[in-house]
Amino acid sequence: MTEPRALAETYAAAFPDERHWGAAEFAELLAAPGAILSGDAASFVLGRVTLDEAEIVTLATHPGHRRQGRARAALEAFHDAARAAGADTAFLEVAEDNVAACALYAAAGYVRAGRRRGYYSRPDRPPVTALILTLPLR
């Protein structure tokens, strides 16, 4: 299993302008009921299954490992694990200005189900809208 410290390091490198999640936060998420971690320390998806829904909490790829298909593979593995855990639908929130992530999710078949205006705060910039995306898993 990938160590929480390694996940925290990748997350910090992937999202340098955002609040970093520490190893303790990752350890707590991993210990929660229904938690699913797919991928590895270089690129991972962390989420959870509750009843028939799978939520992607975060997807992060270290900048040195981007454009190698790692995020796509981790996302597909997450979907497989979520199906095996009984999920019928996956959902997530992504910053509207995260073009690479939006393209990844669109290529995987996610569709927009809603928006949360001003959801992501940004230092020295206006808040960014979150897109709520869903994908049927069955």
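So, here is what we can say about the structure in this document.

Each value, and the rule that gives it
- Residues numbered from 1 in each chain as written.
- Predicted model: local features only at pLDDT ≥ 70, side-chain atom pairs only at ≥ 80, totals over all residues.
- Heavy atoms only, no water.
- 1 Å grid on protein atoms, 1.4 Å probe; cavity = no way out; pocket = protein on both sides within 12 Å on 5 of 7 lines; lining within 4 Å.
- Points joined across faces, edges and corners; volume = space filled by probe spheres on them.
- Helix = DSSP H or I, 4+ residues; strand = E, 2+ residues; numbered from the N terminus.
- Nonpolar A, V, L, I, M, F, W, Y, C, P; charged D, E, K, R; others polar.
- Axes fitted to C-alpha atoms, helices over the stretch in contact; angles between N-to-C directions.
- Parallel < 35°, antiparallel > 145°, perpendicular 65-115°, else oblique.
- Left-handed = near helix turned anticlockwise from the far one by under 90°.
- Contact = heavy atoms within 4.5 Å.
- Salt bridge = Lys/Arg side-chain N within 4 Å of Asp/Glu carboxyl O.
- Buried < 20%, exposed > 50% of the residue type's maximum accessible area, 1.4 Å probe, protein only.

Moving on, we get to empty space enclosed by the protein. For the structure shown, the criterion picks out one cavity of 30 Å³ or more. What the largest cavity holds in volume is close to 30 Å³. Taken together, L29, A35, L46, G47, R48 and V57 form the lining of the largest cavity. When residues of the lining of the largest cavity are assigned to their parent elements, the largest contribution, three residues, is made by strand 2 (residues 43–50). When the residues that make up the lining of the largest cavity are grouped by side-chain class, the tally is four nonpolar, one polar and one charged.

What follows concerns the packing of helix 3 (residues 70–84) against helix 4 (residues 99–107). Axis separation between helix 3 and helix 4 bottoms out at 11 Å; the angle between their running directions is 50°. When the axes of helix 3 and helix 4 are compared, the pair comes out oblique. As for the relative orientation of helix 3 and helix 4, their crossing is right-handed in sense. Contact residues: A71, R72 and L75 in helix 3; L104, Y105 and A107 in helix 4. Across the contact of helix 3 with helix 4, the residue classes break down as five nonpolar, no polar and one charged.

Contact geometry for helix 1 (residues 4–14) and helix 2 (residues 23–31): axes closest at 8 Å, N-to-C directions at 115°. In the packing of helix 1 onto helix 2, the handedness of the crossing is right-handed. Two secondary-structure elements touch here, helix 1 through P4, R5, L7, A8 and Y11 and helix 2 through A23, F26, A27 and L30.

Where charged atoms from two side chains of opposite charge come close, those side chains can pair. This model, assessed by the stated rule, comprises 10 salt bridges. R19 serves as the salt-bridge partner of E25, at 2.9 Å between the closest nitrogen and oxygen. Residue classification places E25 among the partly exposed positions, given a relative accessible area of 32%. Between E93 and R116 there is a salt bridge, with the nearest N and O atoms lying 2.6 Å from each other.

Purely geometric stuff here, so don't read any function into it on its own.
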